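Reading the structure
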Amino acid sequence: MNTKTKTFLHLACAVILLLLPLVLSKFGLKLTTEIFIMSIFVLSLGLIIGYAGLVSLGHAAFFGIGVYTVALLGKYVSSSYVLILAAIVFAAVTALLTGMLFIRSSGAYFLMITLAFSQMLFVLAYKLKDITGGADGMPIRATLDLGFGAIDSVKELYYFMAIAFMISYALLYMFIKSPAGKAVVGVKENEHRMKALGYPTRSYKLLAYTISGGFAGFAGALYAYFNHFVSTNVLAWQFSGQVMVMCIVGGVSVLFGPPIGAALFIVLQSYVSSYTERWPIIMGIIFIAFVLSGRGGIAELLIWAWNKVFGNKAEDKPTVPPPSAEPEGPNPKGVASA
Amino acid sequence: MNLSILLFQILTGLAYGMLLFMMAAGLTIIFGLLNVVNLAHGALFMVGGYVAFAFTKEHVNFWLALVIAVMIMAIIGVLIERFLLGRMYGKELEQVLLTFGLIYIFTDTAKWIWGSTPRSIPIPEILDFSIPLGIVAFPAYRLFVVAVGILIAILLWYIETKTRVGAIVRAGVDDRHMLSALGINFKLVFASVFAFGAGMAGLSGVLGAPILGLYTGMDADVLLLSLVIVVIGGLKTWKGAFVSAILVGLVDTLGQVWFPQFSMVVIFVLMVIVLIIKPSGLFGKGVEA
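Description of the structure in this document. (Residues numbered from 1 in each chain as written. Chains lettered and ligands numbered in written order. Predicted model: local features only at pLDDT ≥ 70, side-chain atom pairs only at ≥ 80, totals over all residues.)

**Let's talk about the overall build of chain B**
A count of helical and extended segments in chain B gives 11 helices and 2 strands. Secondary structure of chain B in N-to-C order comes out as α-α-α-α-β-β-α-α-α-α-α-α-α. On C-alpha atoms alone, chain B measures out to a radius of gyration of 19 Å, which is about the 19 Å that the 2.2 N^0.38 rule sets for 289 residues. Projecting the C-alpha coordinates of chain B onto the three principal axes gives extents of approximately 60 × 50 × 35 Å. Relative to its full complement of 289 residues, chain B shows a buried share of 49%. Considering only intrachain contacts with a sequence separation of at least 6, the fraction spanning at least 24 residues in chain B is 75%. (Helix = DSSP H or I, 4+ residues; strand = E, 2+ residues; numbered from the N terminus. Rg over C-alpha atoms; globule rule 2.2 N^0.38 Å. Buried ≥ 20, exposed ≤ 12 C-beta atoms within 10 Å, placed from the backbone. Contact = placed C-beta atoms within 7 Å.)

Structure representation (structure tokens):
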């Protein structure tokens, strides 16, 4: 797939997303708005899992920091610019500080440590009931206002979140295309070699982790404006796990994978739970069936199908290598443009 | 604080620590040999407790219920290993997705069958008394839990250092490929290890039920405590888990006396301190690059 096709596909998706409100019901709009917010969050996790090889099971910590920043600081400050910026900065700084401590370890150990850290914040928010509302939660009074009047109707929120998602996607796309982003991928592929080449490998991982934390905080801030309510659920490890599932289901080797996973997860959950109270069992069975099918994420399947239909010989690979085994530096469509 | 009350608290902490050790042992053994983070460990613990609850409610003897529950969990463990996990060794993301799916299935099934009202298993009659301890009395059941914990530690130590099975398992931790090259049926070893881990989860679930109760969301609490213990103790070493479980048990129990609002936070602070001083945990063999 050449650059022109890629640009075309990206723009086509953007146009479709901007036109969707014409056909969606109010419920569908709200659901899609939620998908946009979750997509930013999932993108941030996809960045560190897919590109830096850091499998975190505590990413809800940064999302939660974003939500609680808007919720708590919003009592004293009304400017949306200040609140969103504060959410991003707090989350990114927390990621930087904890990353310095955690990135010394990798693999399963990293997974456990990030999980434990996020749980620490969860317990803290749970115990500080007077400030955070604990598990019962608290309403968020801050309203979204960029200086052109309040953004609070369903459609306005939809467009705001859609644009926020597109900007986030574009920024992350630029990051992974930048020399620093390529170095991050290099560290994931072969840390020893990158070290030998003189790259400060840990700093590059830390950079990716910090950026990821910042975007997660951004998503959290948006969620605060969308949901107008926060409880400790946004810090719970089950939430981190769900986001990780979205990432894996969507596919982490390309940037457009995680948002697909988020969309599928949210639509499926809302669909199944409207039919049966036993939706967790069904979701669980779907996850396991997905793993057992063993074809990577949906993004990898789409790329494979695309190559089957439109691909020339050079791109026509019979099977898609698993994300971790991908020899190429991933480009956003995941295909080696021969 | 009165000395006998302090002793009471220390014993309570020790009993809790032993329970935590039994919880974490299954997780750390599975992780040590199979390199799998079994996120469904807490769910297995909970299901074990509920199965025993179902039997004791039908007036089955506590000890019989214990044996049945452990056996059922071990069999579930074999099934999971053979049919699901066996295909995804070395694939970290797939394992996460799989075990996360199992959590959904187990916890929701438990909720389906036993509802979301908190349950508990009564303490077996033979242990339902207290031992006087100065001005307070200490429940015998908790002392029994301490004894079982120590017994399991001794058993693990014996199997690991003195038996052929232990030698095979230790070899597997160090070099799995060499193990299969030596003609050892590693499939059987792997299935047994997972069954053992699941059985341990079931055992601790049943023994813990009279103390901790059984409730929705318990699986998450258990998993997190186990992970914290594994992180503090160091990966792939059940001895580390033993020491850190006792440490966490004592810190948590005494923490509840001194800082009641921040009991869980104290544990995590302990973890962070350990990680700053020794990133691979107390008994870890050094950080992976």
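**Here's the deal with the interface of chain A and chain B**
Contacts between the two partners involve 35 residues from chain A, matched on the other side by 38 residues from chain B. Put simply, the parts of the chain that give the side of chain A that touches chain B at least two residues each are α5 (107–127), α11 (237–250) and α13 (279–293) of chain A. With 13 residues, α5(A) is the largest single contributor of residues to the side of chain A that touches chain B.

**Focus: the pairing of strand β1 (residues 130–133) of chain B**
Residues and elements named next belong to chain B. Alignment of β1 against strand β2 (residues 136–139), held across 4 bridges, turns out to be antiparallel. Each residue of the ladder has a partner; that of Pro-132, found in β2, is Ala-137. In sequence, β1 turns back onto β2 through a hairpin of 2 residues, with Gly-134 there showing a positive phi of about 70 degrees. (Pairing = 2+ DSSP bridges.)

**Things to note about the nonpolar core**
Soluble globular proteins tend to bury their nonpolar side chains together. Counting residues in hydrophobic clusters, the biggest one holds 206 residues, and the most contacted among them are Met112(A), Ala116(A) and Val228(B). The element contributing the most residues to this core is helix α1 (residues 3–34) of chain B, with 17 residues. (Core = buried A, V, L, I, M, F, W, Y, C linked by C-beta atoms within 7 Å.)

**Topic: the packing of helix α3 (residues 60–73) of chain A against helix α4 (residues 80–102) of chain A**
Residue and element names in this part refer to chain A. Put simply, α3 and α4 touch, their axes get as near as 8 Å, and they point 140 degrees apart. Viewed along their axes, α3 and α4 adopt a mutual orientation that is oblique. In this structure, α3 crosses over α4, and the sense of that crossing is right-handed. Note on element contacts: α4 touches α3 through Leu-83, Ala-86, Ala-87, Phe-90, Ala-91, Thr-94 and Ala-95, opposite Phe-62, Ile-65, Gly-66, Thr-69, Val-70 and Leu-73. Taken together, the residues of the contact of α3 with α4 sort by class into 10 nonpolar, 3 polar and no charged. (Axes fitted to C-alpha atoms, helices over the stretch in contact; angles between N-to-C directions. Parallel < 35°, antiparallel > 145°, perpendicular 65-115°, else oblique. Left-handed = near helix turned anticlockwise from the far one by under 90°. Nonpolar A, V, L, I, M, F, W, Y, C, P; charged D, E, K, R; others polar.)

**Observations regarding the environment of Asp108(B)**
Counting through the fold element by element, Asp108(B) comes out in helix α4 (residues 92–114). In this structure the C-alpha to C-alpha distance between Asp108(B) and Thr216(B), which are 108 residues apart in sequence, comes to 9.1 Å. Sequence-distant contacts of Asp108(B), that is, excluding residues within four places in its chain, are made with Arg278(A), Pro280(A) and Ile281(A).

**As for unusual backbone geometry**
A positive phi angle is found at His228(A), which is not glycine, with a value near 55 degrees. With respect to the secondary-structure elements, His228(A) resides in the loop between α10 (201–227) and β2 (229–230). A residue is classified by how many C-beta atoms lie within 10 Å of it, and His228(A), with 14 of them, is partly exposed. In this structure, His59(B) is a non-glycine residue whose phi angle is positive, near 65 degrees. In this structure, His59(B) sits in the loop between α2 (41–57) and α3 (62–84).

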